[in-house]
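This is what each chain is made of:
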Amino acid sequence: MLKQYQCNGITTKGVRCRIKCQLPNSYCRHHERQSYTHHSNNHKPQSNDTGYIYMYTMTNFLFPPKNWNFKVKNLPDASKKTDWVNFNSRKSHYILIKIGRTTKTPESRIQQWQEKCQHSLTNMGPPNKHLIRKRRGLVERLACMSIDDPVYSCWKNGGFYCRNLNLVELTIHQELWKKYGKGQVYCVTCLAEESRSEAKFKIHMEWFLIPKEDIEEVYQLIDTICVKIG
């Protein structure tokens, strides 16, 4: 009987795949793309490949001003997923977050994005999860007081610290896209000069529309991938 080896792939839950393969350090058919990504990045120098995975959202999504609207596409509970619809972040079960990488500190990188996009941004790491999942009931508040928050091995200085930064970010994006799909938002301040007369908006594809109740699962996924690959 041939010896079998556990797949090296990372699942959408952030754990190692349990499927068996014929060769050591290989990937099953569900995670073959991770193998290609890994080999394509092996030749890159590692000296500058250490830094942080960070995540943020628009502050207006957390504290929407009166009469403030923002349009998104593919909202799961919308009647027409292909149309741009108003995103009421206060009432929605979803939150839009962006996940990136930086060799600087996460706060300095978020500040750069804030100046470029002219939107107030908030770091959405574990210390700020309460801004997304607001506990209103007495039972939930008591439970929150009695249960310790999860500990994330790679969390420090406002981000998830790791090596192999490019590969880690790509793997995280692939896993989140697979589970939640690609978020699509438009940005007024990134409007291209040649398109201003046509009133078109630049579409950003790097956002993730995540159920608010899944935010801790996303933290765990990021932390696990940072540990395994970084």
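Look a little higher up for the structure.
Residues numbered from 1 in each chain as written. Predicted model: local features only at pLDDT ≥ 70, side-chain atom pairs only at ≥ 80, totals over all residues. Heavy atoms only, no water.

A. Expanded view of the overall build of the protein chain. Assigned secondary structure in the protein chain consists of 6 helices and 12 strands. In the protein chain, which comprises 230 residues, the share counted as buried stands at 43%. Across the protein chain, the fraction of contacts at a sequence separation of at least 24, relative to all contacts at a separation of at least 6, is 69%. Here the protein chain has roughly 13,800 Å² of accessible surface; of this, 51% comes from carbon and sulfur atoms. (Helix = DSSP H or I, 4+ residues; strand = E, 2+ residues; numbered from the N terminus. Buried < 20%, exposed > 50% of the residue type's maximum accessible area, 1.4 Å probe, protein only. Contact = heavy atoms within 4.5 Å. Areas by Shrake-Rupley, 256 points an atom, 1.4 Å probe, with all protein chains shown as cover.)

B. Representation of the pairing of strand E3 (residues 51-58) in the model. Burial runs high along E3: 8 of the 8 residues are buried. Relative to strand E9 (residues 159-162), E3 is paired through 3 bridges, and the arrangement is antiparallel. Among the inter-strand pairings, Tyr52 is bridged to a residue of E9, identified as Tyr161. Strand direction decides the pairing type here: E3 and strand E6 (residues 94-102), joined by 5 bridges, are antiparallel. Bridging across to E6, Tyr56 finds its partner in Lys98. Note that E3 and strand E7 (residues 121-123) share 3 bridges and pair antiparallel. Bridge pairing in E7 places Met58 opposite Leu121. (Pairing = 2+ DSSP bridges.)

C. Representation of a positive patch on the surface. Together, Arg16, Arg18, Lys20 and Lys228 give the surface a local cluster of positive charge. With respect to the secondary-structure elements, Arg18 resides in the loop between strand E1 (5-6) and strand E2 (20-21). The class of Arg18 is exposed, set by a relative accessible area of 74%. (Patch = residues over 30% accessible without salt bridge, like charges linked within 9 Å, V, L, I, M, F, W, Y side chains within 5 Å. Salt bridge = Lys/Arg side-chain N within 4 Å of Asp/Glu carboxyl O. Lys, Arg positive; Asp, Glu negative; His and termini not counted. Charge placed at Lys NZ, Arg CZ, Asp CG, Glu CD.)

D. Layout of the environment of Leu221. Structurally, the position occupied by Leu221 is in helix H6 (residues 215-229). Look at Leu221 and you get buried, because its relative accessible area is 1%. Considering only alpha carbons, one finds Leu221 and Ile172, 49 residues apart in sequence, at a separation of 7.6 Å.

E. A look at the packing of helix H5 (residues 165-180) against H6. Remark: H5 packs on H6, axes separated minimally by 10 Å, with the N-to-C direction vectors making an angle of 145 degrees. With respect to the hand of their crossing, H5 and H6 are arranged in right-handed fashion. Between H5 and H6, the contacting residues are Leu167, Val168, Thr171, Ile172, Glu175, Leu176, Lys179 and Tyr180 on the first element and Glu217, Val218, Leu221, Ile222, Ile225, Cys226 and Ile229 on the second. Its residues assigned to classes, the contact of H5 with H6 comprises 11 nonpolar, 1 polar and 3 charged. (Axes fitted to C-alpha atoms, helices over the stretch in contact; angles between N-to-C directions. Left-handed = near helix turned anticlockwise from the far one by under 90°. Nonpolar A, V, L, I, M, F, W, Y, C, P; charged D, E, K, R; others polar.)

F. Highlighting the nonpolar core. Ile53, Met55, Ile97, Ile99, Val218 and Ile222 are the most contacted members of the largest nonpolar core, which totals 43 residues. Among the secondary structure elements, those contributing two or more residues to this core are E3, helix H2 (59-62), E6, helix H3 (106-117), E9, H5, strand E12 (207-211) and H6. Among the elements that line this core, the one with the most residues is H6, at 7 residues. (Core = buried A, V, L, I, M, F, W, Y, C linked by side-chain atoms within 4.5 Å.)

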